[in-house]
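One letter stands for each residue in the lines below.
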Amino acid sequence: MLNVAKDSGLPPTKATKRAVHPEYSADGKEVWISLWGGKTDQSAIVVYDDATLKVKKVITDPKMITPTGKFNVYNTQHDIY
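Residues numbered from 1 in each chain as written. Predicted model: local features only at pLDDT ≥ 70, side-chain atom pairs only at ≥ 80, totals over all residues. Heavy atoms only, no water.

Student: Explain the side chain of S8 to me, and be specific about the residues and the numbers.
Tutor: Here S8 shows up in helix α1 (residues 4-8). A polar contact is formed between the side chain of S8 and the backbone nitrogen of L10, at a distance of 3.1 Å. Those residues in contact with S8 that sit more than four places away from it in its chain are T16, L35, V46 and V58. (Helix = DSSP H or I, 4+ residues; strand = E, 2+ residues; numbered from the N terminus. Polar contact = N/O pair within 3.5 Å; in protein donor to acceptor, adjacent residues only side chain to side chain. Contact = heavy atoms within 4.5 Å.)

Student: Please give an account of the environment of P12 that cites residues and values.
Tutor: Tracing the sequence through the fold places P12 in the loop between α1 and β1 (19-24). Here P12 falls in the exposed class, since its relative accessible area comes to 79%. A sequence separation of 29 residues divides P12 from D41, and the C-alpha atoms of the two residues are 9.7 Å apart. (Buried < 20%, exposed > 50% of the residue type's maximum accessible area, 1.4 Å probe, protein only.)

Student: Before we move on, could you go through the pairing of strand β3 (residues 44-49) and cite the residues and values that matter?
Tutor: Most of β3 is tucked away: five of the six residues are buried. Pairing of strand β2 (residues 30-35) with β3, which is carried by six bridges, proceeds in the antiparallel orientation. Across the sheet, residue E30 finds its bridge partner in β3, namely D49. Strand direction decides the pairing type here: β3 and strand β4 (residues 55-59), joined by four bridges, are antiparallel. From the neighbouring strand, I45 faces β4, where its bridge partner is I59. (Pairing = 2+ DSSP bridges.)

Student: Explain the sheet that holds β3 to me, using residue names and the numbers behind them.
Tutor: Strands sit in the order β1-β2-β3-β4 across an open sheet of four strands; the sheet is antiparallel. The strands lining the two open edges of the sheet, one partner per strand, are β1 and β4. Mean inter-strand twist for the sheet, computed between neighbouring axes without regard to direction, equals 20°. (Axes fitted to C-alpha atoms, helices over the stretch in contact; angles between N-to-C directions.)

The following block contains the structure:
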């Protein structure tokens, strides 16, 4: 089980209660999980190594709100799902 909220390093907010849209990278080596913060709380994308489930990176930016669709087009076109 992954604790995405804890792994994000974000303070307890709406975002840490809404982990959505897990998606694999095109090569299948990473899983990217979005934390939705809404308009007033910081959102994040937590990137995990697929083999070890260790956090590789946490992506945050004040301009990022409800991050989704990280790889959808590529995965859909190439039947990755």
